[in-house]
Amino acid sequence: MSPSLLLHRLLQLLPVLLGVTVIVFGMMSLTPGDPAETMLANQNATPAQIATLRHDMGLDRSLPVRFASFLTHAVQGDFGQSLFHHRPVAAVIAERLPATVELSAAALLFSLLLAIPLGVIAAVHRGGLLDRLATVGSLFGVSLPGFWFGILLLLVFAVDFRLLPVSGAIDYASQPPTITGFLILDSLLALRLDSLGNALAHLLLPAITLGLPMAAILMRVTRASMLEVLRQDYITFAEAKGLSRARILGLHALKNALLPTITVAAIETGSLLGGNMVVETVFGWPGLGRLVVESIFARNYPLVQAAVLLYALTYVLVNFCADLLYTVLNPRVRM
Amino acid sequence: MKRLLPGRLAQAAALTVLAFVLLAACAPLVAPHDPADTDLFRRLQPPAWMVNGDWSYPLGCDALGRDILSRIIYGAQVSIFIGVVVVLIATVIGVMAGLAAGYLRGWVDRVISGLVDILLGFPYLIFAVGLMAMMGPGVLNMVLALAYKEWVVPCRVVRGETLAARETEYVEAARAIGASGLTIMLGEILPNILSPVIVVATVRIAQVIILEASLSFLGLGVQPPTASWGSMVADGRAFILDAWWVSTFPGLAILLLVLSINVASQAVRDALDPRLHD
């Protein structure tokens, strides 16, 4: 890809990033009700105390001034003080982020490992039993409410069979020394196999719950694009050359069939990020999603605002990167 | 009907959806009990076929002794109402915006498409949760929070279809006889692009129902004592060790309704839009 195209794409990204920031700011500033008043609603605050908080949060200034201040601070990673923790919002979020990243990565990995082989098999045996099973399975996958499926998994594997832990990310006794904050990485770095096993056991059910709806969608996309690719002339040509079936599928077909899968996977990270809140709540996972839900009920608005912005920016950037990757991989759009 | 829904599976799915709609509409007549009627003597009473079960409370009772079946029937009202109303509002707004952007082009298109791009920058549930956090819970706020983002979906479909339609001969002909832009958009283009709009709307109802249930599960949606499937699943979470039925049945209801809508809408899609096969 040429540097000028990259620059062009980056410039297109700017208005979206700015717009997202405006909306996150507007969520807190333009909705009815006074945040300072709602935050202190259950604490018998005097009007003077409310006025002080209003002043501290800058709510007594004009809207454009507040936005400018929000933007300049946000660019520097400063989202103010977390009202509940009495620490900077950014620090509280940074502490919870590794658990969420680990869970999302595991869910993504699970869904790709499930969806791609199933999609290929369904396409190759089109109309057969496996294809129909996979199609029905994917319909179930997109129709399952994640929070309920998670509870069912807990019921079966943690309560009835007692195979896996009920909640949390790791047992206290297995906690590896904190190096990066990522439990699995830290376990590996410290060569603690017991910690690694324990962390993986905790990770399994939440990752499946989070990844399953995505797997259902990716399976269908992979199947459809694989069918499309198998109709192409170059596949017939490869067959005529006498290449083995495995070589044709693995080398020639899959490489091109995976392009739409990448795009859709990027779009579906949105459901991973949103699903975090639900799945972390079900499994007591100590990540950002649960922190956001807790903060909403604690009326810790600065933290909610910062987290929503972080989620949105992550989503925009993931899609941007997928777009670039698509351009690099697909010569037809590389202009 | 035959043409729209070929296959036994699709017909069964359509009948299931219809059954849910009827149950919701006639909830006061068909529900065996008042969904808010509490009785601690019936606390966590198991379903009828289990030991200590009672056929007048077929699916058992929750932690406050309320009849789970009756609450599921009333919960259908919330799910279906929010699913239909949100998609309806979103479709009307999305069609208008999509037609305007696709037909008028120019700055109208730039403004609308820019807004669409920005809203697409938010993961759906995050956006809804952020808004609900600031607006507070409740049915009306939930409809607003979901509709603010949902219109983007039909808008993109309509814009794309309109861009293609505006170059066709029938639009050209309408322009030639001096029809106004509004007449062309609503009278000529809209009727011709209606099938993808309907297909998208039916699928989206299923997704909005899951989103509503997720918000209610998190405690941000419908507030107690109103029965909602999502909050019923959440209520049962504390008792999964000794009362699996409290969470299981409402979740099953969500799965059954959403699955039926998805199966039925796939059949509708195949019938209305042969281009989309496979």
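Keep in mind that what you see is a predicted model, and the values were worked out from it rather than measured. (Residues numbered from 1 in each chain as written. Chains lettered and ligands numbered in written order. Predicted model: local features only at pLDDT ≥ 70, side-chain atom pairs only at ≥ 80, totals over all residues. Heavy atoms only, no water.)

Quick look at the overall build of chain A
Check the secondary structure of chain A and you find 13 helices and two strands. On the principal axes, the C-alpha backbone points of chain A span a range of 85 × 55 × 40 Å. Taken across its 335 residues, chain A has 47% of its residues classed as buried. A separation of at least 24 residues holds for 71% of the contacts in chain A among residues at least 6 apart in sequence. Carbon and sulfur atoms form 68% of the exposed surface of chain A, whose accessible area is close to 16500 Å². Each charge sign in chain A was given a centre, from 21 positive and 19 negative side chains, and these centres are 11 Å apart. (Helix = DSSP H or I, 4+ residues; strand = E, 2+ residues; numbered from the N terminus. Buried < 20%, exposed > 50% of the residue type's maximum accessible area, 1.4 Å probe, protein only. Contact = heavy atoms within 4.5 Å. Areas by Shrake-Rupley, 256 points an atom, 1.4 Å probe, with all protein chains shown as cover. Lys, Arg positive; Asp, Glu negative; His and termini not counted. Charge placed at Lys NZ, Arg CZ, Asp CG, Glu CD.)

Let's talk about the overall build of chain B
For chain B, the count of helices and strands is twelve helices and zero strands. Shown N-terminal to C-terminal, the secondary structure of chain B runs as helices and strands in the order α-α-α-α-α-α-α-α-α-α-α-α. Across chain B, every contact between residues at least 6 apart in sequence was considered, and the portion connecting residues at least 24 apart equals 71%. Of the roughly 12300 Å² that chain B leaves accessible, carbon and sulfur atoms contribute 67%. When the 18 positive and 20 negative side-chain charges of chain B are each reduced to one mean point, those points stand 5 Å apart.

Digging into a nonpolar patch on the surface
All names here are of chain A. Together, I121, L129, L130 and L133 give the surface a local cluster of nonpolar side chains, amounting to about 400 Å² of exposed area. Note that I121 resides in helix α5 (residues 89-124). Judged by its relative accessible area of 35%, I121 falls in the partly exposed class. (Patch = residues over 30% accessible without salt bridge, like charges linked within 9 Å, V, L, I, M, F, W, Y side chains within 5 Å. Salt bridge = Lys/Arg side-chain N within 4 Å of Asp/Glu carboxyl O.)

Observations concerning the side chain of N276 of chain A
All names here are of chain A. Within the element layout of this structure, N276 appears in helix α11 (residues 245-283). For N276, a relative accessible area of 0% corresponds to the buried category. Residues within four places of N276 in sequence aside, it is in contact with T100, L103, S104, L210, T281, G289 and Y311.

Side note on the packing of aromatic side chains
Inspection of every chain in the model, using the stated rule, returns eight aromatic pairs over all chains. Both rings, one in F25 of chain A and one in F67 of chain A, keep their centres 5.1 Å apart while their planes meet at 65°; by these two values the pair is edge-to-face. Here F25 of chain A, found in helix α1 (residues 3-29), pairs with F67 of chain A, found in helix α4 (residues 63-75); they are 42 residues apart in sequence, far enough to count as distant. Judged on exposure class, the residue F25 of chain A and its partner F67 of chain A are both buried. Here the aromatic cluster, defined as three or more aromatic residues joined through ring pairs, consists of W49, W244, W245 and F249 of chain B. (Phe/Tyr/Trp six-rings, centres within 6.5 Å; stacked < 30°, edge-to-face > 60°.)

Quick look at the domain arrangement of chain A
All names here are of chain A. Partitioning chain A into domains gives domain 1 (14-75) and domain 2 (94-329). Measuring from the centre of the C-alpha atoms in domain 1 to the corresponding centre in domain 2 gives 35 Å. At the junction of the two partners, domain 1 supplies 13 residues and domain 2 supplies nine residues. Where domain 1 abuts domain 2, roughly 1100 Å² becomes buried across the two surfaces, and 80% of that area is made up of carbon and sulfur atoms. Where domain 1 touches domain 2, the interface holds zero salt bridges. Per element, the largest residue contribution to the side of domain 1 that touches domain 2 is eight residues, and it comes from α1. In terms of residue class, the side of domain 1 that touches domain 2 is made up of ten nonpolar, three polar and no charged. (Domains from an automatic or database assignment. Buried area = accessible area lost by both parts, 1.4 Å probe. Nonpolar A, V, L, I, M, F, W, Y, C, P; charged D, E, K, R; others polar.)

Some details on the pattern of salt bridges
The tally for this structure, following the rule as stated, stands at 15 salt bridges over all chains. Among the ionic pairs, D62 of chain B bridges to R71 of chain B, the shortest N-O distance being 3.8 Å. Across the pair, exposure class does not vary: D62 of chain B and R71 of chain B are buried alike. Salt bridges linked by common partners bring R96, R290 and E294 of chain A together as one network.

Regarding the confidence of the model for chain B
All names here are of chain B. On average, residues of chain B score 89 in pLDDT, and 96% of them are at 70 or above. Mean pLDDT across the elements of chain B bottoms out in helix α2 (residues 27-30) (88) and peaks in helix α3 (residues 68-104) (95). For this predicted complex, the interface score ipTM comes out at 0.88, alongside a pTM of 0.90. (pLDDT = per-residue confidence, 0-100.)

Considering the packing of α11 of chain A against helix α13 (residues 301-329) of chain A
Residues and elements named next belong to chain A. In contact at an axis separation of 9 Å, α11 and α13 are set at 170° when each is read in the N-to-C sense. Here α11 is positioned roughly antiparallel relative to α13, judged by the angle of their axes. Along the contact surface, α11 presents L259, P260, I262, T263, A266, I267, T269, G270, L273 and N276, while α13 presents Y311, T314, Y315, V318, N319, A322, L325, Y326 and L329. Residue classes in the contact of α11 with α13 are distributed as 13 nonpolar, six polar and no charged. (Axes fitted to C-alpha atoms, helices over the stretch in contact; angles between N-to-C directions. Parallel < 35°, antiparallel > 145°, perpendicular 65-115°, else oblique.)

Focus on the interface of chain A and chain B
If you look at the interface, chain A gives 44 residues, while chain B gives 42 residues. At the boundary of chain A with chain B, total buried surface from both sides reaches about 3800 Å², with 80% on carbon and sulfur atoms. It is M27, F147 and W148 of chain A in chain A that bury the most area against chain B; as a group they hold 17% of the surface buried on that side. Counting every contact that joins chain A to chain B gives zero salt bridges. At the junction of chain A and chain B, the tally comes to six residue pairs in polar contact (both at pLDDT 80 or more). Elements with a contribution of two residues or more to the side of chain A that touches chain B: α1, α6 (129-143), α7 (146-160), α9 (193-230), α11, α12 (288-297) and α13 of chain A. Take the side of chain A that touches chain B: its biggest share by element is eight residues, from α1 of chain A. A class-by-class count of the residues in the side of chain A that touches chain B yields 35 nonpolar, six polar and three charged. (Polar contact = N/O pair within 3.5 Å; in protein donor to acceptor, adjacent residues only side chain to side chain.)

Description of the nonpolar core
The biggest cluster of nonpolar side chains holds 143 residues, and the ones touching the most others in it are V20 and F147 of chain A together with L146 and W229 of chain B. It is α13 of chain A that contributes the most residues to this core, 13 residues altogether. Mapping this core onto the domain boundaries places at least three of its residues in each of domain 1 (14-75) and domain 2 (94-329) of chain A. If we skip the residues at most four places from it in the chain, V20 of chain A touches L309, A312, L313 and V316 of chain A together with I118, G121 and F122 of chain B. (Core = buried A, V, L, I, M, F, W, Y, C linked by side-chain atoms within 4.5 Å.)

Digging into unusual backbone geometry
Excluding glycine, most residues fall at negative phi; most peptide bonds, likewise, are trans. Here the amide bond leading from P224 of chain B into P225 of chain B is cis, since omega sits at 10°, within 30 degrees of zero. Relative to the elements of secondary structure, P225 of chain B occurs in the loop between α10 (194-217) and α11 (229-236). One non-glycine residue, L191 of chain A, adopts positive backbone phi at about 55°. Here the phi dihedral of L44 of chain B falls at roughly 50°; this positive angle occurs in a residue that is not glycine.

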